[in-house]
Number of protein chains: 2
Amino acid sequence: MKVEIISIGDELLIGQIVNTNASWLGQFLNNYGLTTNKCITIGDNLLQIIDSFEEAEKDCDIVIITGGLGPTKDDLTKEALCKYFDTKLIFNEKVFEQVKTFLENRSGTMNELNSSQAMIPENSIPLTNIYGTAPGLWIEKHNKIFIALPGVPYEMKTLMENEVIPRLIKRFSLGEIFHKNILTIGIAEALLAEKLKEFENSLEPEIKLAYLPSPGIVKLRLSTYNSLNKELIENKVKQIFDIIPEYIVSTENENINEVIGKLLIKNQKTISTAESCTGGSISKMITAVPGSSEYYNGSIIAYSNKVKEEILRVPNEIISKYGAVSQQVVELMALNANKIFNTDYSLATSGIAGPTGGTKDKPIGTVWIAVAENDKVISKKYLFGDIRERNIEKASIYALNMLRLKILNFSII
Amino acid sequence: MKVEIISIGDELLIGQIVNTNASWLGQFLNNYGLTTNKCITIGDNLLQIIDSFEEAEKDCDIVIITGGLGPTKDDLTKEALCKYFDTKLIFNEKVFEQVKTFLENRSGTMNELNSSQAMIPENSIPLTNIYGTAPGLWIEKHNKIFIALPGVPYEMKTLMENEVIPRLIKRFSLGEIFHKNILTIGIAEALLAEKLKEFENSLEPEIKLAYLPSPGIVKLRLSTYNSLNKELIENKVKQIFDIIPEYIVSTENENINEVIGKLLIKNQKTISTAESCTGGSISKMITAVPGSSEYYNGSIIAYSNKVKEEILRVPNEIISKYGAVSQQVVELMALNANKIFNTDYSLATSGIAGPTGGTKDKPIGTVWIAVAENDKVISKKYLFGDIRERNIEKASIYALNMLRLKILNFSII
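Given the structure is predicted, the values throughout are model-derived calculations rather than measurements.

A. Main features of the overall build of chain A. Counting its secondary structure elements, chain A contains 16 helices and 17 strands. Here chain A has a C-alpha radius of gyration of 28 Å; the compact-globule value for 413 residues is 22 Å, and the former is much larger. If you line up chain A on its principal axes, its C-alpha atoms span 85 × 55 × 40 Å. Out of the 413 residues in chain A, the part that is buried amounts to 43%.

B. Quick look at the packing of helix α11 (residues 256-266) of chain A against helix α16 (residues 388-407) of chain A. Residues and elements named next belong to chain A. Where α11 contacts α16, the axes come no closer than 10 Å and their chain directions differ by 30 degrees. Between α11 and α16 the crossing geometry is left-handed. Across from Ile256, Asn257, Val259, Ile260 and Leu263 in α11, the residues of α16 making contact are Ile397, Leu400, Asn401, Leu403, Arg404 and Ile407. The class makeup of the residues in the contact of α11 with α16 is 8 nonpolar, 2 polar and 1 charged.

C. Representation of the relation of the copies chain B and chain A in the model. By a simple turn and slide, chain B fits onto chain A: the slide is 0.2 Å along the axis, the RMSD is 0.2 Å, and the turn is 180 degrees. Expressed as a symmetry operation, the mapping of one chain copy onto the other fits a two-fold axis. A high fraction, 100%, of the interface residues of chain B reappear at the interface in chain A, so the copies pair face to face through one surface.

D. Molecular detail of the packing of helix α3 (residues 46-59) of chain A against helix α4 (residues 77-85) of chain A. Residues and elements named next belong to chain A. Direction vectors running N to C along α3 and α4 enclose 55 degrees, while the axes themselves pass 9 Å from each other. Looking at the two axes, α3 sits oblique to α4. In this structure, the crossing between α3 and α4 has a hand that is right-handed. On the side of α3, the interface is formed by Leu46, Ile49, Ile50 and Phe53, while α4 contributes Thr77, Glu79, Ala80, Lys83 and Tyr84.

E. The arrangement of the domain arrangement of chain A in detail. All names here are of chain A. One can read the domain layout of chain A as domain 1 (2-172), domain 2 (178-250) and domain 3 (256-407). The C-alpha-based centres of domain 2 and domain 3 are spaced at 30 Å. Between domain 2 and domain 3, the contact holds 8 residues from the first and 10 residues from the second. Of the residues assigned to the side of domain 2 that touches domain 3, the class counts are 4 nonpolar, 3 polar and 1 charged.

F. Broad picture of α11 of chain A. Residue and element names in this part refer to chain A. Three or more residues of α11 are buried, namely Ile256, Val259, Ile260, Gly261 and Leu264. The inward-facing, buried residues of α11 contact β9 (178-185), β12 (248-250), β13 (271-275) and α16. Immediately downstream of α11, the backbone of Gln268 shows phi near 50 degrees, a positive value.

G. Fine view of helix α7 (residues 153-172) of chain A. All names here are of chain A. Its axis deflected by about 45 degrees at Met160, α7 carries its strongest bend there. Next to the buried residues of α7 lie α2 (20-30), β3 (62-66), β6 (125-127), β7 (136-141) and β8 (144-149). Just past α7, the residue Ser173 takes up positive phi, approximately 50 degrees.

H. Local environment of the nonpolar core. Core analysis: the largest hydrophobic core is formed by 128 residues, its most contacted members being Met333 and Ala334 of chain A together with Met333 and Ala334 of chain B. What Met333 of chain A contacts, discounting residues up to four positions off in sequence, is Ala274, Ala302, Lys308, Leu312, Val314, Ala348, Ser350 and Ala370 of chain A. By size, the runner-up hydrophobic cluster in this structure holds 84 residues, among which are Leu34, Ile64 and Ile147 of chain A together with Ala22 of chain B.

I. Focus on the interface of chain B and chain A. Opposite the 43 residues of chain B that make contact, chain A presents 43 residues. Within the residue set of the side of chain B that touches chain A, elements represented by two or more residues are α2 (20-30), β2 (35-42), α12 (281-287), β14 (296-302), α15 (327-341) and α16 (388-407) of chain B. Tallied by class, the residues present in the side of chain B that touches chain A amount to 20 nonpolar, 19 polar and 4 charged.

J. Geometry of the sheet that holds strand β14 (residues 296-302) of chain A. Strands sit in the order β17(A)-β16(A)-β15(A)-β13(A)-β14(A)-β14(B)-β13(B)-β15(B)-β16(B)-β17(B) across an open sheet of 10 strands; the sheet is mixed. Strands at the two margins of the open sheet, each flanked by one partner only, are β17 (376-383) of chain A together with β17 (376-383) of chain B. The average angle at which neighbouring strand axes cross in this sheet is 10 degrees, direction not considered. Note: strand β13 (residues 271-275) of chain B against β14 of chain B, 5 bridges, orientation parallel. Note that in β14 of chain B the partner of Glu275 of chain B across the bridge is Ile301 of chain B. Across the face of the sheet, α16 of chain A comes into contact with β15 (345-351), β16 (366-373) and β17 of chain A while running at roughly 30 degrees to β16 of chain A. Each of β15 (345-351), β16 (366-373) and β17 of chain B touches α16 of chain B; the most contacted strand, β16 of chain B, lies at about 30 degrees to it.

K. Focus on the sheet that holds β6 of chain A. Taken in spatial order, the 12 strands of this open sheet run β6(A)-β7(A)-β8(A)-β3(A)-β1(A)-β2(A)-β2(B)-β1(B)-β3(B)-β8(B)-β7(B)-β6(B), and their pairing is mixed. The sheet terminates laterally at β6 of chain A together with β6 (125-127) of chain B, the two strands that pair on one side only. Pairs of neighbouring strands in the sheet enclose a mean axial angle of 20 degrees, with direction left out of account. Where β3 of chain A and β8 of chain A come together, 5 bridges link them in parallel fashion. Counterpart to Val63 of chain A in the pairing with β8 of chain A is Phe146 of chain A.

L. Region of the structure containing the pairing of strand β3 (residues 62-66) of chain B. Residues and elements named next belong to chain B. The element β3 is largely enclosed, with a buried count of 5 among its 5 residues. Burial along β3 is two-sided: the residues Ile62, Ile64 and Thr66 and Val63 and Ile65 are all buried. Of the strand pairs in this sheet, strand β1 (residues 2-8) and β3 are connected by 5 bridges, and their pairing is parallel. Bridging from a neighbouring strand, Ile6 pairs with Ile65 of β3.

M. Spotlight on the pairing of β1 of chain B. All names here are of chain B. With 6 of its 7 residues buried, β1 lies for the most part within the structure. Strand direction decides the pairing type here: β1 and β2, joined by 7 bridges, are parallel. Residue pairing across strands places Ile5 opposite Cys39, the latter belonging to β2.

N. Molecular detail of the confidence of the model for chain A. In the predicted model, chain A carries a mean pLDDT of 93, and 99% of its residues have values of at least 70. The complex prediction reports pTM at 0.77, with the ipTM value standing at 0.76.

O. Just unusual backbone geometry, in detail. Residues and elements named next belong to chain A. Cis geometry marks the peptide bond from Gly354 to Pro355; its omega dihedral reads 5 degrees. The topology assignment puts Pro355 in the loop between β15 and β16. In this structure, Asn123 is a non-glycine residue whose phi angle is positive, near 75 degrees. Locating Asn123 in the fold gives a position in the loop between β5 (119-121) and β6.

P. Expanded view of the environment of Pro135 of chain A. Residues and elements named next belong to chain A. Turning to its location among the elements, Pro135 is positioned in the loop between β6 and β7. Each C-alpha atom of the pair Pro135 and Asp344 lies 54 Å from the other, and the pair is 209 residues apart in sequence. Discounting residues that sit within four places of it in the chain, Pro135 has contacts with Val95, Gln117, Ile120, Pro126, Leu127, Thr128 and Asn129.

Q. Fine view of the environment of Ile243 of chain A. All names here are of chain A. Note on placement: Ile243 falls in helix α10 (residues 230-243). Taking the C-beta count within 10 Å as the criterion, Ile243 has 13 such neighbours and is therefore assigned partly exposed. Taking the C-alpha atoms as reference, Ile243 lies 53 Å from His142; in sequence the two are 101 residues apart. When near neighbours in sequence (up to four residues on either side) are disregarded, Ile243 contacts Lys195, Leu196 and Phe199.

R. Spotlight on the environment of Ser214 of chain A. Topologically, Ser214 of chain A is positioned in strand β10 (residues 208-214). Assessed through the 9 C-beta atoms surrounding it within 10 Å, Ser214 of chain A is described here as exposed.

Criteria and thresholds
- Residues numbered from 1 in each chain as written.
- Chains lettered and ligands numbered in written order.
- Predicted model: local features only at pLDDT ≥ 70, side-chain atom pairs only at ≥ 80, totals over all residues.
- Helix = DSSP H or I, 4+ residues; strand = E, 2+ residues; numbered from the N terminus.
- Rg over C-alpha atoms; globule rule 2.2 N^0.38 Å.
- Buried ≥ 20, exposed ≤ 12 C-beta atoms within 10 Å, placed from the backbone.
- Axes fitted to C-alpha atoms, helices over the stretch in contact; angles between N-to-C directions.
- Left-handed = near helix turned anticlockwise from the far one by under 90°.
- Contact = placed C-beta atoms within 7 Å.
- Nonpolar A, V, L, I, M, F, W, Y, C, P; charged D, E, K, R; others polar.
- Least-squares fit on C-alpha atoms with pLDDT ≥ 70 in both.
- Parallel < 35°, antiparallel > 145°, perpendicular 65-115°, else oblique.
- Domains from an automatic or database assignment.
- Bend = angle between axes of the 7 residues up to and from the residue.
- Core = buried A, V, L, I, M, F, W, Y, C linked by C-beta atoms within 7 Å.
- Pairing = 2+ DSSP bridges.
- pLDDT = per-residue confidence, 0-100.

Structure (C-alpha cells):
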C-alpha cells in the first residue's frame, strides 16, 4: 500500500515553519506498514494543487493532504477536491452541529466563515475534528483514497489517530508495528554496538534493532510489524538487560529525571544539589517533573569560590590547594549540601564548561561529579567536549545517572 | 526565477529525521528573491529520482537536490544525474586533491570509497565542500540549472552560502533581502499589533513587517528585498522604538539572558537568584551565557518552605500568614538573596507551576516575581497558564525582563 503526502501552504515553501507534519505522518504510517512513497510541498495555488492530485493518483493508493482546509480565501483544498472529483460543495447538517457545539463550548459564535466549514464535497465522508472547526475529509475515486486534514499539527494528529487509521486498518487489514524503547546512559554508541553484536546477529529477521543517539544518551528501539511478536520483543528486552544491566535507565519511555523521581518516592528519600558548572541545569531537570516537591528540597548554585566557601562551607584552604574543579571540593560540596538541606542524597558538580577557562591539566569539558548519601560520598571525573551547552547537558544527565547507579547499588560508570 | 527542492533519502520518508533542509533552503532562497515552487521528498530509488528530475525541469529554472551524494551504494544522485544528462562519471583531479587534504587534516586515510568522491559527471562543475568529502555539483541543460548538495545540514548550508548563492547572484543579478529582528517581551501579539497598527499602515510597500510569537516573546521582523532600503529599515526600527520603548529587549539578535549579561557587565553589577517555582531555570538561563561568572554569584533554589526559612531566612510567621506564594515571601526571598550572595541585584520567584496545587485564590499559573536592588525591592504577580513547562519558561523570561526594566529605569510591566 503506497502513500503520498501532500502538504499545502506558502508558509512551508518560504520556510517560515518546518514541515513536521510530513515526518510525523511518515513515521506514524510506517508503524502500520504503510510506505510513504513521496512527500510534496506546494503553495496555496489551485492549479498546482489539482496537478499534484493527478500526479499522486498515478503513483499511490492513498493520498494524504494536509493544510488549506480553513475558512478563508487562501484555503483551497476543498475547491481543488471538487474540481478534481468533478463534484460540488453541499451543506452537511452533522458537521454544522459539531462546529456549533465546538464554538459554544469555547464561547465562540457561529458566523458566516464558521458555517462555511459545514460545506463539504458531495460524496466525501466528513471526519470529526474534536480540536477545531475544519472537519477532515475522506473521498475516493477509482479505488484511490484521498484524505484531507487540517494543517494544525495536533488537529491533524488526532484526526489520524481517531478517524483515519481505524478506517485504514479495517479497509486493508493492517497490523500495527510494536516498539519497545530502551534508554541507556553512560555508554557510547560504538561500544554499545560492540557489546550487543552477538545479540544483534542472533535476532530473528522479523525484529529490528535501531540505535538512536543524542547527547549523553543512546536509545535502543526494538520493533516488529507483527503483534504476535510482542512477547518475543519483551524477551529480547530481558536479554539486553542481562548484557548491559547497569546502562539501562528505562524501558518505559521515561527520562532519567522521571526515573530518579520514581526511585526516590519508592524509597522515601529526598535530594538536593550543589551545582557549579551545571549552573542550575540539574535542579531544572529535577523540578521539570510534576510532584518533584515530594522529594526535592532545594539547591545551592555556587558559581563563585566565595559562595562555595561561605554557603557550601568548603574550606578556603581546600579550594586553594586543589582548585575549585577537584575531587576534594566537589565531594565536600555534596556532603555539605546534604547537611544544609537535610536530605538523604545530594549531587554536586564542578567543572570547566567552556568556551574559555581550560588549562593543560584541566581542559575544557573536565567535570567532577559527586553523589553523597548521608555522610558518605563517591565522585568521578569526566571529560566531555568543547561545546559549553553540551558539557552542561551531559554533566547534568551523568550526575542524575550516577545517583541512579548509587540507589540501585551498581558501581559508578 | 522558480526553484524546486528535491530531498532524497528513505530516512526522510519514514520520518526518522525531519526535513529541516527544505525549510532552511526555502527561507535562504527567499532572502534573495528566489521563489520555491515545490519541495519533494523521495527515497533512495534511481527511477524515482530520474522521474523527479524530469518533472522538476518542466516547472522550474533551478533544481536543488540534497542527499544521496555519499560514497555508499545507497547514494544514487550522481548515477541519476549521469542517466538524466546522458553523460558519465569522470575522474576530477582537483576534487581528489581536496578530499585527500580533507582526510589528512583529520588523520583519515584515502580508501576506495573516499576516492570515488572524485568521480563526477562530465560537464558538471564541482563545488568545494570544506566540511566533508562529497563535493557539491552544478550541471546545466537547456538553460535549467541542477545543483546537487550533500544532505548533512551544515555541509549543505556552507555550500549554499559559499558556492551556490555567489554563482546565482552573478548569473541572475540577484539582490539580497535585508532583515532586522526586534525582540519584544511583556506584550501579547494582539496588543502589539494594535499599538503598531498606524505604523504598519504607513509602511512603504517595499518593507514587510512580520510577527513571530513564541512563549513569553514576540519577535518582530522588518524586511526588504532592496539593499538600498537598509537605512530606511534602521529608521523604522527607531520608529518602533519610539512607540514601544519598554518592550524592546534587543534589535541585535540577542536573547534576554545575553542582554542582561551585557547590562550587568556594562554597569559592573552582580546578580543572584532565589528560585522556588522556576526551580533553577533562571540560573540555567543566566549561566548559559559564556563568561557569566563575571556577574553571577549563585542561587538558592528553595523548593520547600523549610529551605525558604532556614537558608533564605524568610520568617516562618510570614510564610504561615501569607503563604509561600505571596508578595511578602517573594520580596524577602529577593532581599535576602542579595545579602547572602553579596550581590547588587537578585531575582526571586514563587508560584504554582502545576499541574496540581492551584486554589481558587491562587490558581495554577500564579507566579510572584520580585527584583531586589541592594535593599530595595519591587514585585509583581503574573497569571500564566495551565502548562507546567510553559509556566516555568515564561516566569523565567519575565523575571529576567523585570531586571532589565529595573536597570533601564522603566516601570515594571
